[in-house]
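Below are the chains, spelled out letter by letter.
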Amino acid sequence: MSARGHAFGIDIGGSGVKGAAVDLATGELVHERIKIATPHPATPGAVAEAVAELVAEAEWTGPVGLTLPAVVTGGVARTAANIDKSWIGTDARALFSTALGGRPVTVLNDADAAGMAEDRYGAASDFAGLVLLLTFGTGIGSALLYHGTLVPNTELGHLEVQGMESEHRAAASIKERDGLSYEQWAAQVSLVLTTLEDLFFPVVFVAGGGISRDAEQWIPLLTNRTPVIPARLRNTAGIVGAAMAIAGGVAP
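Residues numbered from 1 in each chain as written. Predicted model: local features only at pLDDT ≥ 70, side-chain atom pairs only at ≥ 80, totals over all residues. Heavy atoms only, no water.

(A) Seen up close, the overall build of the protein. Looking only at helices and strands, the protein has eight helices and 15 strands in total. For the protein, the C-alpha radius of gyration of 18 Å lies close to 18 Å, the compact-globule estimate for 252 residues. Overall, the protein is about 50 × 35 × 30 Å in size when its C-alpha atoms are taken along their principal axes. Counting across all 252 residues of the protein, residues that qualify as buried make up 54%. Counting only contacts in the protein whose residues sit at least 6 apart along the sequence, the fraction spanning at least 24 positions is 62%. Surface exposure of the protein reaches about 10600 Å², of which carbon and sulfur atoms provide 52%. Computing the positive centroid from 16 side-chain charges and the negative centroid from 26, the protein places the two 2 Å apart. (Helix = DSSP H or I, 4+ residues; strand = E, 2+ residues; numbered from the N terminus. Rg over C-alpha atoms; globule rule 2.2 N^0.38 Å. Buried < 20%, exposed > 50% of the residue type's maximum accessible area, 1.4 Å probe, protein only. Contact = heavy atoms within 4.5 Å. Areas by Shrake-Rupley, 256 points an atom, 1.4 Å probe, with all protein chains shown as cover. Lys, Arg positive; Asp, Glu negative; His and termini not counted. Charge placed at Lys NZ, Arg CZ, Asp CG, Glu CD.)

(B) A look at the packing of aromatic side chains. Counted under the stated rule, the structure contains five aromatic pairs. With a centroid separation of 5.7 Å and an interplanar angle of 80 degrees, the aromatic rings of Phe-136 and Trp-185 are classed as edge-to-face. Taken together, the residues span a long stretch of sequence, with Phe-136 in strand β9 (residues 130-136) and Trp-185 in helix α6 (residues 182-200) at a distance of 49 residues. The exposure class of Trp-185 is buried, given its relative accessible area of 0%. Between Trp-185 and Trp-218, the ring centres sit 4.9 Å apart and the planes meet at 70 degrees, which makes this aromatic pair edge-to-face. One end of the pair, Trp-185, is in helix α6; the other, Trp-218, is in helix α7 (residues 215-218), and 33 residues separate them in sequence. Among the aromatic residues, ring-to-ring pairing joins Phe-136, Trp-185 and Trp-218 into one connected group. (Phe/Tyr/Trp six-rings, centres within 6.5 Å; stacked < 30°, edge-to-face > 60°.)

(C) Representation of the pairing of strand β4 (residues 34-37) in the model. Here β4 shows a buried face lined by Ile-34 and Ile-36 and an unburied face lined by Lys-35 and Ala-37. Taken together, the four bridges between strand β2 (residues 16-23) and β4 define a ladder with antiparallel strand orientation. What sits directly across from Gly-16, in β4, is Ala-37. (Pairing = 2+ DSSP bridges.)

(D) How the structure looks around the domain arrangement of the protein. For the protein, the assigned domains read domain 1 (6-112 + 236-248) and domain 2 (126-231). Both sides of the domain 1 and domain 2 interface together cover about 600 Å² of buried area, and 47% of this is carbon and sulfur. Considering only the side of domain 1, the residues that lose the most area to domain 2 are Val-71, Ala-111 and Asp-112, jointly responsible for 74% of the buried surface there. Counting the contacts that link domain 1 with domain 2 gives zero salt bridges. Counting across the interface, domain 1 meets domain 2 through two residue pairs in polar contact (both at pLDDT 80 or more). (Domains from an automatic or database assignment. Buried area = accessible area lost by both parts, 1.4 Å probe. Salt bridge = Lys/Arg side-chain N within 4 Å of Asp/Glu carboxyl O. Polar contact = N/O pair within 3.5 Å; in protein donor to acceptor, adjacent residues only side chain to side chain.)

(E) Here's a closer look at the pattern of salt bridges. Scanning the entire structure with this criterion turns up four salt bridges. The closest approach of N and O atoms between Arg-225 and Glu-197, which form a salt bridge, is 3.5 Å. Residue Arg-225 is found in the loop between α7 and β15 (228-230), and its partner Glu-197 is found in helix α6; the two are separated by 28 residues along the sequence. Looking at Glu-197, the relative accessible area reads 1%, which means it is buried. The shortest N-O distance in the salt bridge between Asp-198 and Arg-225 comes to 3.1 Å. You can see Asp-198 sitting in helix α6 and its partner Arg-225 sitting in the loop between α7 and β15, a full 27 residues away along the chain. With a relative accessible area of 42%, Asp-198 lands in the partly exposed category. Connected via shared salt-bridge partners are Glu-197, Asp-198 and Arg-225.

(F) Summary view of the packing of helix α1 (residues 44-58) against helix α2 (residues 92-99). It is the contact of α1 with α2, at a shortest axis distance of 9 Å, that shows an interaxial angle of 45 degrees. Judged by the angle between their axes, α1 and α2 are oblique. Regarding α1 and α2, the two cross each other, and that crossing is right-handed. Counted together, Pro-44, Val-47, Ala-48, Val-51 and Ala-52 of α1 and Leu-95, Phe-96 and Ala-99 of α2 form the full contact between these two elements. (Axes fitted to C-alpha atoms, helices over the stretch in contact; angles between N-to-C directions. Parallel < 35°, antiparallel > 145°, perpendicular 65-115°, else oblique. Left-handed = near helix turned anticlockwise from the far one by under 90°.)

(G) Local environment of the nonpolar core. By size, the foremost hydrophobic cluster in this structure holds 30 residues, and its most contacted members are Ile-10, Val-51, Leu-68 and Phe-96. Going through the elements one at a time, β1 (6-12), β2, β4, α1, β5 (64-68), α2 and β8 (105-109) are the ones with two or more residues in this core. The biggest single contributor to this core is α1, with seven residues. The residues contacting Ile-10, other than those within four sequence positions of it, are Val-17, Lys-18, Gly-19, Val-51, Leu-54, Val-55, Val-64, Gly-65, Leu-66, Thr-67 and Ala-242. (Core = buried A, V, L, I, M, F, W, Y, C linked by side-chain atoms within 4.5 Å.)

(H) Region of interest: the packing of helix α3 (residues 110-120) against helix α8 (residues 237-248). Across the interface, α3 lies against α8 with an axial gap of 7 Å and an inter-helix angle of 90 degrees. Put simply, α3 runs roughly perpendicular to α8. Residue-level contacts link Ala-113, Ala-114, Met-116, Ala-117, Glu-118 and Arg-120 of α3 to Ala-237, Gly-238, Val-240, Gly-241, Ala-242, Met-244 and Ala-245 of α8. Tallied by class, the residues present in the contact of α3 with α8 amount to nine nonpolar, two polar and two charged. (Nonpolar A, V, L, I, M, F, W, Y, C, P; charged D, E, K, R; others polar.)

Structure follows, in structure tokens:
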């Protein structure tokens, strides 16, 4: 199946490989998303088989956009987070294209895909200028967009803030690990956001990750000057961004 105005996106994560066709006019999924458990170990070959299974189940015959929890340049994975370390140096674009019978594919970082989706269809769709999405989870993922154009692979979770990597200070996992209250954790997040806004002067921060569901408990506690709004697309953002990438020819 392939339809005008639709594109297919797959979001590969540590626990699940999720995909669906996306209506590019609205950013909405055309059908219920399909999810397959991420293989363990999540080696390139095993994940490629899961991707092929998902696309076959969807009966999709066109190009496919995919995300990876990795820095991706020239279609090659340069890092590996929550997937097997054997991904590092793998030509992911060639791997997935071969697994899907030679059809065109594009592969990009998962946070970059989420940022693209939130910028066009989600929380930041009413903002013009520099948008910075941060996903607060095990680490901190980032996506930087200027008037809809992605600056790929920013990896701002590794930016040092007062002698410590941002994600070691303010990831959601740190709150859980150290038993921090929302007030204590928000103070750490504020330090990170203040550093980022002094460097980039964004018009808005979009806060993603599972903890964004509790946004009302911590976003009002932040003390940085730039507005912070919770992500809107959540579980579909990676799928939508991957579909946007293949439709728009994004190839980090």
